[in-house]
Amino acid sequence: MPTPPRAALAMDPRAADAVLRPAARRRLAALTDLAPGVLDDLTTPAARALLADRDVLVTGWGCPPLDEGVLAAAPKLRAVVHTAGSVRGHVTEACWERGIAVSSAAVANALPVAEYTVAMILLAGKRVLQAARDFHRDRARRDWLHPDPALGNHRRTVGILSASLIGRRVIELLRPYDLRVQLHDPYVSAAEAAELGVRHVGLTELFATSHLVSVHTPLLPSTRGLVDADLLAAMPDDAVLLNTARGAVVDHEALTAQLCSGRIRAVLDVTEPDVLPPGHPLWDCENVLLTPHLAGSQGNELDRLAETALAEVERWARGEGFAHPVHPDRRELLA
């Protein structure tokens, strides 16, 4: 039988305990010669000694950067299998230059984010947050009939900003609903959008004609502050901005002004900064629902990340290519 690859875990130990539960850890140990423990500091003498003969690193949240110094201590390293989504925090240019194969569980993490997004689209259309707050305050139902044509999800227009992995999954999950879905993505043609079953529109038109805009844009130098004051001002009254991507894609000062004025609404799973300071106006703003980076994999959804990563390790151990590789030429577009 071929010699199993020598593996090590590199991540925050809390992430290892959460994602790689005992059954997953046992399976990984059966697939590889797994080093004991979890590395969260790759600069110590003990870590450098362990890295010296490792073939593959199984990484996760909190993995230190795999820079030139780390790679010099790991001359046999040939693969990185990431148990979460983005690899931008730890896979450095030195890894690409070395030709190390990289895999990510982004495809698994995309599903709960897309599910959260679809749920929030439907709840926002019914104004559930506002209705629940009013009901709780008044302790009485005002009326059972709500004829306001702006309420509900019948033929509402949903705008998707970027056909990312998650954005495409949201489009797919929205198909059974009676919604009009349109997309802006400079890397997607009108013909490609039509194949996805959506209408391709310009950036300003997306914001000006959508009842809800869902942001799925990766944070890049070119997308920082992309959703600016002008785009937010173009949104119709009572429109909703939903952001599960990165907080810095949105101009938060301009967004705060729009929300506190009561003109538009928002569902924000991410903000800039990532946790708003205690005195920030959005904490008390009735037009926004803030959730604590909840959209991504949580609880039993973490098992899906482990299953995806372990399947990749198994493929690699058999000498096959990754099913979910991260390609160097796409690294600038990673979330």
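Numbers given for residues are sequential positions, taken from 1 along each chain in its written order. Where local features are concerned, this predicted model is filtered to residues with pLDDT of at least 70; where side-chain atom pairs are given and counted, the filter is 80 or more; whole-chain, interface and lining totals use all residues. Water and hydrogen atoms were dropped before computing side-chain values, which therefore reflect all heavy atoms in the structure.

**Notes on helix α12 (residues 252–260)**
And step 1. Along α12, the residues classified as buried are His252, Ala254, Leu255, Thr256, Gln258 and Leu259.
And step 2. Contacts between residues were defined by any pair of non-hydrogen atoms, one from each residue, lying within 4.5 Å. For the purposes of this entry, the term helix denotes a DSSP run of H or I that reaches at least four residues, the term strand denotes a run of E that reaches at least two, and both are numbered from the N terminus. In the core, the buried residues of α12 are packed alongside α11 (229–234), β10 (240–243), β11 (265–268) and β12 (288–290).
And step 3. In the analysis that follows, any N or O atom pair within 3.5 Å is treated as a polar contact, provided that within protein one partner can donate a hydrogen and the other can accept it, and provided that, for residues neighboring in sequence, both atoms belong to side chains. Capping of α12 at its N-terminal end is provided by Asp251; its side-chain oxygen lies 3.1 Å from the backbone amide nitrogen of Glu253.
And step 4. Where α12 ends, the next residue or the one after it, Gly262, has phi of about 85 degrees, a positive value. Classification of residues uses two cut-offs on accessible area relative to the type maximum, computed with a 1.4 Å probe and protein chains only: under 20% is buried, over 50% is exposed, and between them is partly exposed.

**Digging into helix α6 (residues 106–125)**
And step 1. An ideal rise of 1.5 Å per residue puts 28 Å on 20 residues; α6 measures up with 28 Å between its terminal C-alpha atoms.
And step 2. With respect to burial, α6 is a largely interior element, 14 of its 20 residues being buried.
And step 3. Count one or two residues on from α6 and you reach Arg127, which has phi positive near 55 degrees. A helix's residues, less one, multiplied by 1.5 Å, set its expected span.

**Side note on the packing of helix α2 (residues 22–31) against helix α13 (residues 302–317)**
And step 1. Two numbers describe how α2 lies on α13: the axes approach to 10 Å, and their chain directions differ by 5 degrees. Considering their axes alone, α2 and α13 lie roughly parallel with respect to each other. Across the interface between the two elements, Ala24, Arg27, Leu28 and Leu31 of α2 pack against Ala306, Glu307, Leu310, Ala311, Val313, Glu314 and Ala317 of α13.
And step 2. Only Asp, Glu, Lys and Arg are considered charged, only Ala, Val, Leu, Ile, Met, Phe, Trp, Tyr, Cys and Pro nonpolar, and every remaining residue, Gly among them, polar. Here the contact of α2 with α13 is composed, by residue class, of 8 nonpolar, no polar and 3 charged. Each axis is a line fitted through C-alpha atoms, taken for helices only over the stretch in contact, and angles between the N-to-C directions span 0 to 180 degrees. For classification, angles of less than 35 degrees are called roughly parallel, those exceeding 145 degrees roughly antiparallel, those between 65 and 115 degrees roughly perpendicular, and all remaining angles oblique.

**Quick word on the pairing of strand β6 (residues 157–161)**
And step 1. Of all 5 residues in β6, 5 are buried; the element is thus mostly enclosed.
And step 2. Going residue by residue along β6, you find Thr157, Gly159 and Leu161 tucked away on one face and Val158 and Ile160 tucked away on the opposite face as well.
And step 3. Where β6 and strand β7 (residues 180–184) come together, 5 bridges link them in parallel fashion. Residue pairing for β7: Val158 is matched across the bridge by Val181.
And step 4. In this fold, the crossover linking β6 to β7 by way of helix α8 (residues 165–174) has right-handed handedness.
And step 5. We call two strands paired when DSSP finds no fewer than two bridges between them. In this structure, β6 lies alongside strand β9 (residues 212–215), joined through 4 bridges in parallel fashion. Paired with Gly159 across the two strands is Val213, which belongs to β9. Looking down the strands as they point away from you, a crossover is right-handed if its path from the first strand over the helix to the second goes clockwise.

**A few points about the sheet that holds strand β5 (residues 101–104)**
And step 1. Across the sheet, 5 strands lie side by side as β2-β1-β3-β4-β5; this open sheet has parallel pairing. The open sheet has two edge strands, β2 (33–39) and β5, and neither has a second partner. Direction aside, neighbouring strands of the sheet carry axes that sit 15 degrees apart on average.
And step 2. In terms of strand pairing, strand β4 (residues 79–82) meets β5 through 4 bridges, oriented parallel. Pairing of Val81 across the sheet is with Ser103, part of β5.
And step 3. Contacts from α13 reach β3 (56–59), β4 and β5, with the element oriented near 160 degrees to β4.

**Quick notes on the nonpolar core**
And step 1. Grouped together as the largest cluster of nonpolar side chains are 27 residues, with contacts concentrated most on Phe207, Leu232, Met235, Leu241, Leu255 and Leu259.
And step 2. Listing elements by their share of this core, those giving two or more residues are α10 (203–209), β9, α11, α12 and β11.
And step 3. With sequence-adjacent residues up to four places away left out, Leu255 is seen in contact with Leu232, Leu241, Val250, Ile264 and Leu268. Residues enter a nonpolar core if they are buried and are Ala, Val, Leu, Ile, Met, Phe, Trp, Tyr or Cys, with the set joined through side-chain atoms within 4.5 Å.

**Notes on the domain arrangement of the protein**
And step 1. Here the protein is partitioned into domain 1 (4–98 + 298–328) and domain 2 (106–288).
And step 2. What fixes the domain bounds is an automatic or database domain assignment. Averaged C-alpha coordinates put domain 1 and domain 2 at centres separated by 34 Å.
And step 3. Each side of the interface is counted separately: domain 1 has 9 residues, and domain 2 has 10 residues.
And step 4. Together domain 1 and domain 2 conceal approximately 700 Å² of surface at their shared face, both sides included; 60% is due to carbon and sulfur atoms.
And step 5. Accessible area that two parts lose when put together, evaluated with a 1.4 Å probe and summed over both, is termed the buried area. It is Arg88, Arg304 and Leu305 in domain 1 that bury the most area against domain 2; as a group they hold 51% of the surface buried on that side.
And step 6. What counts as a salt bridge is simple: a side-chain nitrogen of Lys or Arg found within 4 Å of a carboxyl oxygen of Asp or Glu. The tally of links from domain 1 across to domain 2 stands at 0 salt bridges.
And step 7. Inspection of the domain 1/domain 2 interface yields 1 residue pair in polar contact (both at pLDDT 80 or more).
And step 8. Looking at side-chain class alone, the side of domain 1 that touches domain 2 contains 2 nonpolar, 4 polar and 3 charged residues.

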